Amino acid sequence: MQRQVALIKQSLFDQGYLDEQFVELEELQDDANPNFVEEVATLYFKDSARLISNIEQALERGSFDFNRLDNYMHQFKGSSTSIGASKVKTECTMFREYCRVGNAEGCLRTFKQLKKEHATLRKKLEQYFQLARQAGPKETARRPK
């Protein structure tokens, strides 16, 4: 089962959902806190759901406050970077660029894609963590090949 967990994790890297920062988080996990990465991811998804809601509300107002949208997305990008959410981080960067140039259509389009990438990552990580719990503790965190 550990091999299955490793294959799922590798696929998350191969598909570009995660980057090296996720491995860095795993290296902080130890026997004293065996669910550290899962707890960090849970906090990330809770916080990012709040940010998505704030951004949705700001976009629904119709008059785009690009500074406010950029501030929300700056927070979202920072938390996405901290867990290694590569595709989400890329969409955050694009959204912020659209804010800088005042492109409302670009913001809307990118935000739609960001929500899709975020939901996909959440589902994939939930599956990964569920299988990892079933497999039990592993020796040490290893960098994907």
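Residues numbered from 1 in each chain as written. Predicted model: local features only at pLDDT ≥ 70, side-chain atom pairs only at ≥ 80, totals over all residues. Heavy atoms only, no water.

A. Local environment of the overall build of the chain. Counting its secondary structure elements, the chain contains 6 helices and 0 strands. A total of 145 residues make up the chain; the buried ones form 36% of that total. Taking as baseline every contact in the chain between residues at least 6 positions apart, the subset at least 24 positions apart corresponds to 69%. Element-wise, carbon and sulfur atoms account for 50% of the exposed surface of the chain, whose accessible area totals about 8,400 Å². One way to put it: in the chain the 23 positive side-chain charges average out to a point 4 Å from where the 21 negative ones average out. (Helix = DSSP H or I, 4+ residues; strand = E, 2+ residues; numbered from the N terminus. Buried < 20%, exposed > 50% of the residue type's maximum accessible area, 1.4 Å probe, protein only. Contact = heavy atoms within 4.5 Å. Areas by Shrake-Rupley, 256 points an atom, 1.4 Å probe, with all protein chains shown as cover. Lys, Arg positive; Asp, Glu negative; His and termini not counted. Charge placed at Lys NZ, Arg CZ, Asp CG, Glu CD.)

B. Quick look at the packing of aromatic side chains. Tallying each qualifying case throughout the model produces 6 aromatic pairs. Put simply, the rings of Phe13, Phe22, Tyr128 and Phe129 touch in pairs and so form one group of aromatic residues. Over the aromatic face of tyrosine 17 sits the side chain of lysine 87, whose NZ or CZ is 4.2 Å from the ring centroid. (Phe/Tyr/Trp six-rings, centres within 6.5 Å; stacked < 30°, edge-to-face > 60°. Lys NZ or Arg CZ within 6 Å of the ring centre and 35° of its normal.)

C. How the structure looks around the UniProt feature "domain: HPt" (unreviewed entry) in the chain. UniProt marks residues 33-128 with the feature "domain: HPt" (unreviewed entry), using the numbering shown here. Helix makes up 88% of residues 33-128 and strand makes up 0%, while its end C-alpha atoms are separated by 18 Å. (UniProt positions renumbered as here; feature names shortened; annotations may be inferred.)

D. A look at helix 1 (residues 2-14). Its 13 residues give helix 1 an end-to-end C-alpha distance of 18 Å, which sits within 8% of 18 Å, the value for a rise of 1.5 Å per residue. Looking at helix 1, one finds that the buried residues are Val5, Lys9, Gln10, Leu12 and Phe13. One side of helix 1 carries all its buried residues, which in axial view fall inside an arc of 155°. For helix 1, the exposed residues lying more than 90 degrees away from the buried face are Arg3 and Asp14. Packing partners of the buried residues in helix 1 comprise helix 2 (20-28) and helix 6 (104-135). Directly after helix 1, the chain includes glycine 16, whose backbone phi takes a positive value near 85°. (Expected span 1.5 Å × (residues − 1). Arc of directions from axis to C-beta.)

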